[in-house]
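These are the residues of each chain, in order.
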Amino acid sequence: MEKLHIAETDETPMVLLDADNLQFEFSGKSLPEDVTSFYGPILDWIDDYADEMGDEEAVFKFNLIYFNTASSKMILDIFMAIEGMVDDGKNVSVEWIYDEDDEDMEEAGEEYADIVEVPFKMISM
């Protein structure tokens, strides 16, 4: 499966989705002007990966420092897709990485963890 790599900008996070090397990472800020055009290919990639995934362990790492309201819905869509993988018996989990002083990001991770039925690990840095 082809790797998806999106470089970080001032408005968009770095995204690395690499099934061959089992690297799945989102980091930086997310406030794209058009969330659908930014996150659409990401959601498509995750759907394709869900169809092709074997019994490997996939850990999706989120190390976001800020996201806007529109991005929060798209991030939830990603978590819902991951939840679908879990429902299908796949070995998938999420690591929510946040700065120990950033209560907003900690709370955001806790809220996502409460919404979806996905193994969710909170990591304070």
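Residues numbered from 1 in each chain as written. Predicted model: local features only at pLDDT ≥ 70, side-chain atom pairs only at ≥ 80, totals over all residues. Heavy atoms only, no water.

1. Points about the pairing of strand β2 (residues 14–18)
1) Next: Most of β2 sits inside the fold, with five of its five residues counted as buried.
2) Next: Side-chain alternation along β2 places M14, L16 and D18 on one buried face and V15 and L17 on a second face that is also buried.
3) Next: Here strand β1 (residues 4–6) runs beside β2; their pairing, made up of three bridges, is antiparallel. Residue pairing for β2: I6 is matched across the bridge by V15.
4) Next: By the bridge criterion, five bridges tie β2 to strand β3 (residues 23–30) in an arrangement that is antiparallel. The partner of L17 across the bridge, within β3, is F24.
5) Next: Where β2 folds back onto β3 in an antiparallel hairpin, the turn is made up of four residues, including L22, whose phi is positive at roughly 50 degrees. (Buried < 20%, exposed > 50% of the residue type's maximum accessible area, 1.4 Å probe, protein only. Helix = DSSP H or I, 4+ residues; strand = E, 2+ residues; numbered from the N terminus. Pairing = 2+ DSSP bridges.)

2. What about the pairing of strand β5 (residues 91–98)?
1) Next: Burial runs high along β5: seven of the eight residues are buried.
2) Next: Relative to β5, strand β4 (residues 57–67) runs parallel, the two sharing six bridges. Bridge pairing in β5 links K61 to E95.
3) Next: Handedness of the crossover joining β4 and β5 through helix α2 (residues 69–87): right-handed.
4) Next: Note that β5 and strand β6 (residues 120–124) share five bridges and pair parallel. Within the sheet, the bridge partner assigned to V94 lies in β6 and is F120.
5) Next: Handedness of the crossover joining β5 and β6 through helix α3 (residues 103–115): right-handed. (Right-handed = clockwise from strand over helix to strand, strands pointing away.)

3. Side note on a negative patch on the surface
1) Next: On the surface, D99, E100, D101, E103, D104, E107, E110, E111 and D114 cluster together to form a negatively charged patch.
2) Next: With respect to the element layout, E103 can be found in helix α3. (Patch = residues over 30% accessible without salt bridge, like charges linked within 9 Å, V, L, I, M, F, W, Y side chains within 5 Å. Areas by Shrake-Rupley, 256 points an atom, 1.4 Å probe, with all protein chains shown as cover. Salt bridge = Lys/Arg side-chain N within 4 Å of Asp/Glu carboxyl O. Lys, Arg positive; Asp, Glu negative; His and termini not counted. Charge placed at Lys NZ, Arg CZ, Asp CG, Glu CD.)

4. Describing the nonpolar core
1) Next: Membership of the largest hydrophobic core comes to 37 residues, with the highest contact counts inside it found for L17, I42, F60, F62, F79 and W96.
2) Next: Elements with a minimum of two residues in this core: β2, β3, α1 (35–52), β4, α2, β5 and α3.
3) Next: Among the elements that make up this core, the one with the highest residue count is α1 (eight residues).
4) Next: When sequence neighbours within four positions are dropped, the list of residues in contact with L17 reads K3, L4, Q23, F24, F26, I42, W45, I46 and F60. (Core = buried A, V, L, I, M, F, W, Y, C linked by side-chain atoms within 4.5 Å. Contact = heavy atoms within 4.5 Å.)

Take it as geometry only, folks, not as evidence of what the structure does.
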